[in-house]
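# Survey of secondary and tertiary structure
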Amino acid sequence: MCGIVGIVANSPVNQTIYDALTVLQHRGQDAAGIMTIDDQQRFRLRKANGLVRDVFGTLHMHRLQGHIGLGHVRYPTAGSSSSAEAQPFYANSPFGVSLAHNGNLTNADELKEMLYQTARRHINTTSDSEVLLNVLAHEMCVSRQWNLTPDDIFSAVKATVKQVRGGYAAVALIIGHGLIAFRDPHGIRPLVLGSRVDESGKTDYMVASESVALDVCGFTLERDIEPGEAIYITDDGQLFSQQCVEKFSHNPCIFEFVYFARPDSFIDKVSVYQARVRMGRKLGQKIRREWEDKDIDVIIPIPETSCDIALEIAAELKIPYRQGFVKNRYIGRTFIMPGQKTRKKSVRQKLNAIGAEFKGKNVLLVDDSIVRGTTSQQIIEMARDSGANKVYFASAAPEIRYPNVYGIDMPSAEELIAHERTVKGICDAIEADGLIFQDLSDLIEAVREGNPELKGFETSVFDGCYITNDIDSGYLQMLNDMRNDDAKADRAAELASNLEMHNEGHP
Ligand SMILES: O=P(O)(O)OC[C@H]1O[C@H](OP(=O)(O)OP(=O)(O)O)[C@H](O)[C@@H]1O
Ligand SMILES: NC(=O)CC[C@H](N)C(=O)O
Ligand SMILES: [Mg+2]
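Residues numbered from 1 in each chain as written. Chains lettered and ligands numbered in written order. Predicted model: local features only at pLDDT ≥ 70, side-chain atom pairs only at ≥ 80, totals over all residues. Heavy atoms only, no water.

As annotated in an unreviewed UniProt entry, the chain is Amidophosphoribosyltransferase from Neiella marina. Note on the chain: under the UniProt heading Pathway (unreviewed entry), the record states "Purine metabolism; IMP biosynthesis via de novo pathway; N(1)-(5-phospho-D-ribosyl)glycinamide from 5-phospho-alpha-D-ribose 1-diphosphate: step 1/2." Per UniProt, the chain has the following entry under Function (unreviewed entry): "Catalyzes the formation of phosphoribosylamine from phosphoribosylpyrophosphate (PRPP) and glutamine." (UniProt positions renumbered as here; feature names shortened; annotations may be inferred.)

The structure is reproduced here in structure tokens:
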């Protein structure tokens, strides 16, 4: 789940993009990049593997000149984690185009072949985002006009959306023109538009994956980009928008609300924080209905994402809430780290128990979700080592049994702890004394209550129904073979060594 940002302003954008990426860091910890267009109409780029604070030094920031730019934080869902696949990507025609993408294309291989056969375009990496950039660039090249009008831009997006399948929110820059942003026809991945008026009364625009980026950078949230909609902001600040598909529906990824997004963001008018509070309330009610016999002394969240949920469960059940685990604030999110070995080690480095909260007690541990079971297994063991009497476990999301194909790196069903297991089987696997999951209908209601206009959600990891209706067992098998943990580890060394096209320069 990457984070993207794009700005058209009346003053330099480097620092604002940096600040926006810093608050989107929770969406991608592997790589970061910024591209700007300077006053001489040249691209300026810095991208590399690492966290935002490590990738951009003072020298890079000085070089990233210009009043228009975009940025990206990466969590790979396609290709490799090589720095050559860090974003934004660049294509030189028409005029010079750069693109950053959140999501995952499910027909990237076919598109790559099509680009080669019909457009003579070369894709140098295994990234689906480089494919998306080239499809868009190719479609812009078919315009007969020298300069691209807003209509030319929208026609290119329309043609792109027709060919591209999967989940995507993207932002692109075109030299001499401006910034484009667009969202897939199901609105799976989030994208918001904001504005701010500078001291001279001129309007700056920002698009970003989450509204928190707007807040922190002094922009006001205008609205969500609609599913299938594109906006085009010229480099002198005129904004155009157009719906680019005839058939669209609104099915935001429900996992954004469960885990990915920051609680202080709004996605499709729903407060992520309030959605999590409602998840806690509904799960608390289920626990009261189904677990009358369990004598719970204390409710303990597994920091950080589940804290708001656990607090509400405690309020619902009138049982004390205690922060029984201390989180090391210098360790990032473990679920989005590459490789099971790293993830496992990081849980222990990140969380440590406060013995007094466990000794002799029946504890209910609460997490937002159980994916591979990496966190829950270790945390239950830590609770027992700290002297807990009984260790119960509650998950605010239902059982995750199916792979994700739209931008969350869950490619392999076999790696999911709930795959082909009953609740009892999962409970045994994580060695809990009791395990309870939120019902999918309750999760959906918890989010929908924030915006009753939302009729559906992308819920495939829970029910195996893929909203784009084009995912078959062959594709899932290919995804599994390409991207399971062992396959990724095998390919990592090879890809890292031969794809370094861009020059990172001095650190
Ligand atoms: O079953 P698993 O495979 O372990 O995945 C689920 C866990 O991973 C996430 O936490 P993470 O540490 O990524 O981030 P957080 O600090 O925001 O909770 C999520 O909140 C769960 O705790
Ligand atoms: N998590 C994402 O949005 C990933 C974007 C893109 N598929 C990549 O791997 O770089
Ligand atoms: Mg967590």
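On we go.
## Observations concerning empty space enclosed by the protein
In the structure shown here, the tally under the stated rule is three cavities of 30 Å³ or more. Its volume calculated, the largest cavity comes out at about 70 Å³. Lining of the largest cavity is provided by Cys2, Arg74, Tyr75, Pro76, Thr77, Ala78, Gln87, His101, Gly103, Ser127, Asp128 and Ser129. Taken together, the residues of the lining of the largest cavity break down into four nonpolar, six polar and two charged. Reported here for the second largest cavity is a volume of approximately 40 Å³. In terms of lining, the second largest cavity is formed by Thr77, Asn104, Asn404, Val405, Gly407, Ile408, Asp409, Pro411 and Leu479. When grouped by side-chain class, the residues that make up the lining of the second largest cavity number four nonpolar, four polar and one charged. (1 Å grid on protein atoms, 1.4 Å probe; cavity = no way out; pocket = protein on both sides within 12 Å on 5 of 7 lines; lining within 4 Å. Points joined across faces, edges and corners; volume = space filled by probe spheres on them. Nonpolar A, V, L, I, M, F, W, Y, C, P; charged D, E, K, R; others polar.)

## Observations concerning the environment of Thr459
Looking at where Thr459 falls in the secondary structure, it is placed in the loop between helix H14 (440–448) and helix H15 (460–463). Sequence spacing of Thr459 and Ile444 is 15 residues, and the spatial spacing of their C-alpha atoms is 8.9 Å. For Thr459, the contacting residues outside a window of four places in its chain are Ile254, Leu440 and Ile444. (Helix = DSSP H or I, 4+ residues; strand = E, 2+ residues; numbered from the N terminus. Contact = heavy atoms within 4.5 Å.)

## A look at the packing of helix H9 (residues 272–290) against H14
For the pair H9 and H14, interaxial distance at closest approach is 8 Å and the crossing angle is 145 degrees. As for the relative orientation of H9 and H14, their crossing is right-handed in sense. Facing Ala275, Arg278, Met279, Lys282 and Arg289 of H9, the residues of H14 in contact are Asp442, Leu443, Glu445, Ala446 and Val447. Classifying every residue of the contact of H9 with H14 gives five nonpolar, no polar and five charged. (Axes fitted to C-alpha atoms, helices over the stretch in contact; angles between N-to-C directions. Left-handed = near helix turned anticlockwise from the far one by under 90°.)

## A closer look at the site of ligand 2
In the vicinity of ligand 2 there are 15 residues, among which Met1, Cys2, Arg74, Gly103 and Asp128 approach most closely. At 2.6 Å from a nitrogen atom of ligand 2 is found a main-chain nitrogen or oxygen belonging to Met1. Thr77 places a side-chain nitrogen or oxygen 2.9 Å from a nitrogen atom of ligand 2. Within the complex, the protein chains bury 100% of what would otherwise be the 300 Å² of accessible surface of ligand 2. Under a 2 Å grid-point criterion requiring more than half of the atoms, the pocket assigned to ligand 2 is the largest cavity. Going through the elements one at a time, strand E6 (97–105) and helix H5 (128–141) are the ones with two or more residues in the shell around ligand 2. The greatest single-element share of the shell around ligand 2, amounting to four residues, is contributed by E6. (Near = heavy atom within 4 Å. Polar contact = N/O pair within 3.5 Å; in protein donor to acceptor, adjacent residues only side chain to side chain. Areas by Shrake-Rupley, 256 points an atom, 1.4 Å probe, with all protein chains shown as cover. Sits in = over half its atoms within 2 Å of the grid points.)

## Regarding the sheet that holds strand E5 (residues 89–91)
The six strands lie next to each other as E5-E6-E7-E8-E12-E13, forming an open sheet whose pairing is antiparallel. Lying at the two open borders of the sheet, with one neighbouring strand each, are E5 and strand E13 (239–243). Here the average twist between neighbouring strands, direction ignored, is 20 degrees. The pairing of strand E7 (residues 166–174) with strand E8 (residues 178–183) spans six bridges and is classified as antiparallel. When the bridges of E8 are listed, Leu173 appears paired with Leu179. The sheet contacts of H5 involve E5, E6, E7 and E8, and relative to E6 the element is tilted by about 125 degrees. (Pairing = 2+ DSSP bridges.)

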